[in-house]
Amino acid sequence: TGPGPLDYSWTINGQEITSTTNMDYMFSEYGSFDVALTVSNNQGCSETLEVQDMIVVQAPTLAFSTPNTTCAGQNIDITAINLVSIDPALQYYWDFDGNGTIDAFGPTPTFSYTNPGNYNINVSVQTVHGCTASYQKHIQVQADTQTDFTANTTFSCAGQSIQFCVTYRDWE
């Protein structure tokens, strides 16, 4: 803005931050931020450039859909994973039994429970710029029932009755 030494004044949302030529700033809150730079010289001349909503700091949100119940031994159908983020996902981390150990990676993993019970499915995501989000959903795993049947004979003449009986083994 003219000859002579220059003075700089950086403001964010109207609050003066620093008077250095260049600036590093860590945003500690979510929101949209206006950034302005005023440059002046020793002749009293100055110019201000302000950019409205220049910086957007947004927390990602994460959710997914799956049935509330499943049967032991069946794959869980993870559907409609929804990540709302200003930058793309780098990695998804899945803990299907709530024990803190990662059981699978990626946006649509495959998993099945071997034992009936109540479980919490936890997923967390890390974005390309290092933001994180997590989501938890409860699922009830039903005991798998194996059904079978027997017949009192497998050979017969026409007109003879055959008795069929259901036999099953419940995993409980």
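Residues numbered from 1 in each chain as written. Predicted model: local features only at pLDDT ≥ 70, side-chain atom pairs only at ≥ 80, totals over all residues. Heavy atoms only, no water.

Caption draft 1: Structural detail: unusual backbone geometry. Here Asn-13, not a glycine, exhibits a phi torsion of approximately 50°, which is positive. Locating Asn-13 in the fold gives a position in the loop between strand S1 (6-12) and strand S2 (15-18). On the basis of relative accessible area, Asn-13 is assigned to the partly exposed category, the value being 43%. Residues other than glycine seldom take positive phi values, yet Asp-53 does so here, at roughly 50°. Within the fold, Asp-53 resides in strand S4 (residues 46-57). (Helix = DSSP H or I, 4+ residues; strand = E, 2+ residues; numbered from the N terminus. Buried < 20%, exposed > 50% of the residue type's maximum accessible area, 1.4 Å probe, protein only.)

Caption draft 2: Main features of the pairing of S4. Note: strand S3 (residues 31-41) against S4, nine bridges, orientation antiparallel. Following the sheet pairing, Ala-36 is matched in S4 by Glu-50. Between S3 and S4, which follow one another and run antiparallel, lie four residues, and Gly-44 among them has a positive phi close to 90°. (Pairing = 2+ DSSP bridges.)

Caption draft 3: Main features of the nonpolar core. Ile-76, Trp-94, Phe-96, Tyr-113 and Ile-121 are the most contacted members of the largest nonpolar core, which has 18 residues in total. For this core, the secondary-structure elements that each account for two or more residues are strand S5 (61-65), strand S8 (89-95), strand S10 (117-127) and strand S11 (132-142). Looking at this core, the element that brings in the most residues is S10, giving four residues. Not counting the four nearest positions on each side in its chain, Ile-121 is found in contact with Phe-64, Thr-66, Ile-76, Trp-94, Asp-95, Phe-96, Tyr-113, Tyr-135, Gln-136, Lys-137 and Ile-139. (Core = buried A, V, L, I, M, F, W, Y, C linked by side-chain atoms within 4.5 Å. Contact = heavy atoms within 4.5 Å.)

Caption draft 4: Main features of the packing of aromatic side chains. Counted by the stated rule, this structure contains 10 aromatic pairs. Aromatic side chains Phe-64 and Tyr-135 sit 5.3 Å apart centroid to centroid with 80° between the ring planes, which places their arrangement in the edge-to-face category. Placement of the pair is Phe-64 in strand S5 and Tyr-135 in strand S11, with a sequence separation of 71 residues. When its relative accessible area of 4% is taken as the criterion, Phe-64 is described as buried. Relative to Phe-105, the ring of Tyr-93 lies with its centre 5.7 Å away and its plane at 75°, an arrangement referred to as edge-to-face. With Tyr-93 in strand S8 and Phe-105 in strand S9 (residues 104-105), this pair connects stretches of sequence that are 12 residues apart. (Phe/Tyr/Trp six-rings, centres within 6.5 Å; stacked < 30°, edge-to-face > 60°.)

Caption draft 5: Main features of the pairing of S3. As paired elements, S1 and S3 share seven bridges and run antiparallel to each other. Bridged to Ile-12 within S3 is Val-35.

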